[in-house]
Amino acid sequence: MAVSLALDPARSALVLVDLMDRIVALPLEPRKGTEVLSAAEELATAFRSVGATVVLVRVERPGAAEQPPGSGLVAGLAQEGDLEVVKRTIGGFQGTGLDDLLRDRGVNTLVFGGIATNLGVESTARAAGDLGYELVFVEDAMAALTAAEHDASVRLDFPRLGTVVTAAEVRFVAG
C-alpha cells in the first residue's frame, strides 16, 4: 500500500541516528549497516537539495576518557550546513539541545533513519513525539541487531507514533 507523503522542506528535518563506523559495522538485520548508510546518504542528499535540515546524531560514552575507535560519523556523511548532535544517552534529545536547534529552524516534522531501529532511533522518536513533533520512519533506512527487534519497532510501535514509509516514498511539496 503506497503512502501519500508530502513534506514541507522548510518544516521538516531528516534525523539520522548513530551512523558511525563502529555501529555500521555491527552484524545487523534485516539489512547490513552499509545498506542503511547508502539509503541514509540518498535521503540526506534529497533533503539538502530542497533546503531541508539534516541532523546527524552520534553517541559518546559518558565519562570515558577516550571514545572507542570508529566513534565519529562515517566519513563523508556530514556536509556543510548539517547539524551534528552528540548524545550520551540512548535517545538524541536528552541534554543535547536538539529540540532548541529544531525549533529555531521552524521544524515540526522529523523523518528518521539510523541504527539501531529499536534503540537509538526509537528512543529519539519517542522523545520527539512527546515534544509534539510529527514523526515519519523510513523503514529501509534502519536496521537493528536482530530482524525481530527491527520488525517489532516498525510493525508495532512506529505506526502508533507516526507514519512508516520507504525511502522511495519520501516526497516534498512543491515550493
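Let me begin by describing the structure that accompanies this report. Predicted model, so just to flag it, every value in this text is computed and none were measured. (Residues numbered from 1 in each chain as written. Predicted model: local features only at pLDDT ≥ 70, side-chain atom pairs only at ≥ 80, totals over all residues. Heavy atoms only, no water.)

1. Description of the overall build of the protein chain
In terms of regular secondary structure, the protein chain is built from five helices and six strands. Across the protein chain, helices and strands are ordered from the amino to the carboxyl terminus as β-α-α-β-β-α-β-α-β-α-β. Taken over C-alpha atoms, the radius of gyration comes to 15 Å for the protein chain, in line with the 16 Å a tight globule of 175 residues would show. C-alpha atoms of the protein chain, sized along the principal axes, occupy 45 × 35 × 30 Å. Residue burial in the protein chain is summarised as follows: out of 175 residues, 47% are buried. For the protein chain, the accessible area works out to roughly 8300 Å², and carbon and sulfur atoms hold 51% of it. Treating the 15 positive side-chain charges of the protein chain as one cloud and the 24 negative ones as another, the clouds have centres 2 Å apart. (Helix = DSSP H or I, 4+ residues; strand = E, 2+ residues; numbered from the N terminus. Rg over C-alpha atoms; globule rule 2.2 N^0.38 Å. Buried < 20%, exposed > 50% of the residue type's maximum accessible area, 1.4 Å probe, protein only. Areas by Shrake-Rupley, 256 points an atom, 1.4 Å probe, with all protein chains shown as cover. Lys, Arg positive; Asp, Glu negative; His and termini not counted. Charge placed at Lys NZ, Arg CZ, Asp CG, Glu CD.)

2. Description of the pattern of salt bridges
Side-chain pairs of opposite charge can arise whenever the charged atoms involved come near each other. For the structure on display, the rule yields nine salt bridges. For Arg 48, the salt bridge goes to Asp 82, with nearest N and O atoms at 2.6 Å. Of the two residues, Arg 48 sits in helix 2 (residues 33-49) while Asp 82 sits in the loop between strand 2 (53-59) and strand 3 (83-87), which places them 34 residues apart along the sequence. Put simply, Arg 88 and Glu 60 hold a salt bridge, and the shortest N to O gap is 3.1 Å. Here Arg 88, found in the loop between strand 3 and helix 3 (98-104), pairs with Glu 60, found in the loop between strand 2 and strand 3; they are 28 residues apart in sequence, far enough to count as distant. Within this structure, Arg 58, Glu 60, Glu 84 and Arg 88 form a network of salt bridges that share partners. (Salt bridge = Lys/Arg side-chain N within 4 Å of Asp/Glu carboxyl O.)

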